[in-house]
Structure formats: C-alpha cells, structure tokens
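# Commentary on secondary and tertiary structure
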Amino acid sequence: QTRGWFFTLHAIATMVFDSVAFKNVISTGLVLDSKGNKMSKHVGNVVNPFEMMDKYGADPVRFYMMTNSEPWDNLKFDQDGVDEVRRKFFGTLYNTYSFFSLYANVDGFDYSQPEVPIEERPEIDRWILSVLHTLIKGVDKELAEYDPTRAGRLIESFVNDDLSNWYVRLNRKRFWGKEMDKNKLSAYQTLYMCLETVAKLLAPFSPFYADRLYLDLTAVTGRDNVCSVHLAKFPEADDSFIDKDLEIRMSMAQKITSMVLALRRKVNIKVRQPLQAIMIPAIDEEQQRHIDAVKDLIISEVNVKELKFVVGSDVLVKKVKCNFRTMGKKFGKLMKAVAAQMDALSQEDIASLEKNGCIALNIDGQEAVVEVADVDIISEDIPGWLVSNEGNLTVALEVELTEELKNEGMARELINRIQNLRKDTGLEITDRINVTVSHNERILAAVNGFADYIKTQVLADSIMLENNDGAEVDLDGLTAFIKVDKV
C-alpha cells in the first residue's frame, strides 16, 4: 500500500498532459529504495511518504522526485537526497528572499519607482537578467518536450549558482547604501524580477512554496493583480534581455574563480591570504577577450594581485591521457596505435585538440578522429604553482608566499577579527574606535606594513600593540588579545 502511495505521488508529480488532446502522458518508473532494491515490508525497506512530507515538507519531496531522475526511469529514493534538496535549493531560495526583504523593508521598496532601463543598469544586473531570460527559454523548451526533470534542474542551477552564489554575493554592498540612487534601485528591481520569475517557473514543481514566495513578493508591490501564482501568466522570454557574449564571459569568470578556489583548498590557503598571480594560457583570441573583460572581477574574487596570459608551451606543459574504456569500444584493434600517437602529440597538437574539440589521426591509412571527450588533458604542476584543467580552460595559481604577502594576509585576519568584535559589542557601523592588539612579531610586521589599510577598513582612529585584557582570538594559528574601544 505504501509503494502504491509512492507510485501515485510520483505519477502526479511528473505526469504531463497534452493541452489539446490529452494524448501524451509520461509513464513513471518504479520507486525503489536508496540501494535500488524494490521496496518491501518483508525486507523492511519501505519508506512512508507521509512521514517524509511531515519531516521535509511536501514540496521538497515532490521536487526531489521530479529532478532526481527522469520520470520514466526507476527512482532510487534516498531521504538524504530530499534533505539536501530542502537545504541547498529551498534553503538557498529562502535565504535569498530573506536578504531581499530585509533591505527592501528598510528602504520601503515597493516597485512603484520608474523602471531603470536595461541599458542603464550595471553589467552584473544585465548579466543576471540575461541568464534569467535564457532560463525561461530553457524551462519552457524542456516542459514542451515533456522533460520536467531537466527543467527543474535548470531552475535549481540558476538559484544556487547564478542568483545566490554569484549575483547576491557580489552585490550585497549595493543594498547597504543610504540613498535610493539609480544603482541601488536597479539592484532592487533586478533581484525582485529574478525572485518573482523563479516563483512562477517553480509553480508546477513546488506549488505551495512557489505560491508563498509569489504572494509575499506581490503583497507589497501589487504586481499581476492575481491572488495566486497559479493564476499568474507563465513567464515568456524576452530576447532583448539576452546577451550571450555577456553570459559567456561571466560564465568564464565563475569557472576560473571556482578552479582557483579549489586550488587554494588543495594547499589549504585561505581566500583572505593574498597570492601574487594566476596564469592562463588562452586557447585563442576570443577566449582571451572574454577573460580580459572580467579580469578585475576574477582578481577580486580569488584575491590575487595579477592575472597574466601566457603564450606557447614553455611555461605550462600538457599531456593527454586516453580513456581506454570508451576509446577501446570506439577504435577496437586500432586502439593501441591511437594511444601511441596520442602520447606523442606535441604541445601545439594538444592546443589544437582543445580549441577544435577533436583531432584526426592517420592509422595505417585509416582516419581515426579522437574527440576531446575521449581523453583527459592534464597540465603538469610547475615549481611554486598549482595547475588545474577544465575543458579547454587551464589555470595556474602561484602559491609561494613572500613576506609582504604573509603580512597582508595577517592584516586581513586582523580586520576580520576586529569587525567581529565590533558586531559582538553592539557598535554601530559608523562608530569610530581605538584598537589595542597584544604584541607579537608577526602582528607587528603586519601592522607596520598595513596600518592605514587596517584602520580604514575597521574605522579605527588608532591601533596600538601592547598587552590588554581584550578578547582572545585565533589569528591563523596564533593566539592574540584584541581590545576595541569606542571613541
């Protein structure tokens, strides 16, 4: 009986009817346990759907079942997966709305102000709106092709990766300003438009959550003049908002940032610790142009001093590693000869493979086309650098630390701890302070080199190094005492 309820729930969640003849129906597969076994009371692996909905909510259960696997495939139901959807997707969307509503309520934003023309908005606003309308196109296309799984994943990716982790994170300070100037108004209108559109796109997948989000938004603005998201018009993409070139270069910034941060984690170097440089061997002028357009953003996000483009193979040496499992099926008896030629590829040949996506080999008079998906292209680390590859993009990060970089890193650690103490002691963001830090050679070097920078960041009139009875803090493994006094 419980399996029957699960099957019914899954069928309701994923069944799509033709709007005219009701002749196209998605037939769902079986709902299995997390290990792929058939649910059975005898085995004891039955999961009660009502308990899942009581614990995680109906919408997370529904969204998980619609996006975890194609509806016509069997679904391995894992309640940890439902919890992950609840936390990562619904939690992220809730936090994004909470951030918006917090500042919108303070500033009295109700969307009654004139719309800021798209061409007058900052590039970051134009980017997220372009991605939003590309999302509308994608979701509409997948639903028209009876694939709610891919449609739901597009929405999830937009909320987690583009809206929350990139747009909101990069634009927090725009909402902090005192005056509602054009820049701040554009930020409010852009974020509101994203949240409202997401609510409408999400409605077929998560009807209750989407309706609450939509009503909370429109209760203030009065837009659409309908009493439910399910009565609102489904979003339509506007090509005038879409800028593919802008999307490409911002995607490049996101990808490079992610790669560099992963390299930092590999050697356990915090983002607050400045590093000297990243090197990128662009595969062509177009890639270099896209990266150069977002160069300052990348440098800021990964906290390096410079981004350099390198040409030729003298600095970064690459190797090609064949995937014998897939290539063996593809080339059969030719595989050994193909592998030998791939091992002998020059750096120029490897660059051509990355750029063109394939390379044609002559094997005893027969043509063998090797695609970039058939191989792994690996860059060798060079002394003092770490190298990462992702598709046709290669990034090298300089990880050697000079004394000046170490001192700046310590200064940034100090700033972080002092800012935390400001919050803990209830100081207003405009209050001036005097700072006392316990004496230490590493702290002394940091303060001597970056005193003005530290004081500017924490609004300090002075910073002194002497013993004090302040709060004990950890500064990257160093114990120190910091005292903050309001001026």
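Residues numbered from 1 in each chain as written. Predicted model: local features only at pLDDT ≥ 70, side-chain atom pairs only at ≥ 80, totals over all residues. Heavy atoms only, no water.

## Here we look at the packing of aromatic side chains
Applying the stated criterion across every chain, the model contains 15 aromatic pairs. Taken together, a centroid distance of 6.1 Å and an interplanar angle of 85° make the contact between F100 and F109 edge-to-face. Each member of the pair, F100 together with F109, is buried. Grouping aromatic residues by their ring pairs yields a cluster made of F99, F100, Y103, F109, Y111, F175, Y188 and Y192. Here the basic side chain of R223 rests over the ring of Y111, its NZ or CZ set 4.3 Å away from the ring centre. (Phe/Tyr/Trp six-rings, centres within 6.5 Å; stacked < 30°, edge-to-face > 60°. Buried < 20%, exposed > 50% of the residue type's maximum accessible area, 1.4 Å probe, protein only. Lys NZ or Arg CZ within 6 Å of the ring centre and 35° of its normal.)

## Quick look at the packing of helix α3 (residues 58-67) against helix α8 (residues 207-221)
Closest axis-to-axis distance for the α3/α8 pair is 7 Å, and the angle between their directions is 120°. When the axes of α3 and α8 are compared, the pair comes out oblique. On the side of α3, the interface is formed by A58, D59 and R62, while α8 contributes P207, F208 and Y209. Residues that form the contact of α3 with α8 fall into these classes: four nonpolar, no polar and two charged. (Axes fitted to C-alpha atoms, helices over the stretch in contact; angles between N-to-C directions. Helix = DSSP H or I, 4+ residues; strand = E, 2+ residues; numbered from the N terminus. Parallel < 35°, antiparallel > 145°, perpendicular 65-115°, else oblique. Contact = heavy atoms within 4.5 Å. Nonpolar A, V, L, I, M, F, W, Y, C, P; charged D, E, K, R; others polar.)

## Looking at the sheet that holds strand β4 (residues 304-309)
Reading across the sheet, the four strands line up as β4-β3-β10-β9 and stay open at both edges, with mixed pairing between neighbours. Two strands lie at the open edges of the sheet, namely β4 and β9 (385-390), each paired on one side alone. On average, each strand axis in the sheet is tilted by 20° relative to the strand beside it, whichever way the strands run. Relative to β4, strand β3 (residues 275-280) runs parallel, the two sharing five bridges. If you follow A277 over to β4, its bridge partner there is E306. Across the face of the sheet, helix α11 (residues 295-302) comes into contact with β3 and β4 while running at roughly 135° to β4. (Pairing = 2+ DSSP bridges.)

## Quick word on the nonpolar core
With 86 residues, the main nonpolar core has F77, F158 and I256 as its most contacted residues. Among the elements that make up this core, the one with the highest residue count is helix α7 (residues 182-202) (12 residues). (Core = buried A, V, L, I, M, F, W, Y, C linked by side-chain atoms within 4.5 Å.)

## Details of the pattern of salt bridges
Counting across every chain of the model gives 29 salt bridges. A salt bridge links K137 to D239, with the nearest nitrogen and oxygen atoms 2.8 Å apart. Of this pair, K137 sits in helix α5 (residues 123-144) while D239 is found in the loop between α8 and α9 (244-266), placing the two residues 102 residues apart along the sequence. The class for K137 is partly exposed, based on a relative accessible area of 41%. Exposure remark for D239: the relative accessible area of 48% places this residue in the partly exposed category. The salt bridge involving D461 is made with R432; its shortest N-O contact spans 3.0 Å. Residue D461 is found in strand β12 (residues 460-465), and its partner R432 is found in the loop between α15 (403-424) and β11 (433-437); the two are separated by 29 residues along the sequence. The exposure class assigned to D461 is partly exposed, which follows from its relative accessible area of 41%. With a relative accessible area of 36%, R432 lands in the partly exposed category. Members of the salt-bridge network, linked through shared partners, are E123, D245, R249 and R289. (Salt bridge = Lys/Arg side-chain N within 4 Å of Asp/Glu carboxyl O.)

## Thoughts on α8
When the terminal C-alpha atoms of α8 are compared, their 21 Å separation across 15 residues agrees well with the 21 Å that a helix rising 1.5 Å per residue should span. Every buried residue of α8 is accounted for by P207, A210, D211, L213, Y214, L217, T218 and T221. For α8, the arc enclosing every buried residue in end-on projection is 165°, short of the 170-degree limit, so these residues lie on one face. Looking at α8, the residues exposed on the side facing more than 90 degrees away from the buried face are F208, R212 and A219. One or two residues past the end of α8 sits G222, with phi positive at roughly 70°. (Expected span 1.5 Å × (residues − 1). Arc of directions from axis to C-beta.)

## What about the sheet that holds strand β14 (residues 478-486)?
Note on sheets: strands pair through backbone hydrogen bonds, and any given pair is parallel or antiparallel. Spatial ordering of the open sheet is given by β12-β11-β14-β13, a layout of four strands whose pairing is mixed. Sheet topology places β12 and β13 (471-475) at the edges, where each strand pairs with a single neighbour. Averaged over all neighbouring strand pairs, the angle between strand axes comes to 30°, with direction disregarded. As paired strands, β11 and β14 are joined by five bridges and run antiparallel to one another. Across the sheet, residue V437 finds its bridge partner in β14, namely I482. Sheet strands in contact with helix α16 (residues 441-458) are β11, β12, β13 and β14, and its direction is about 165° off that of β12.

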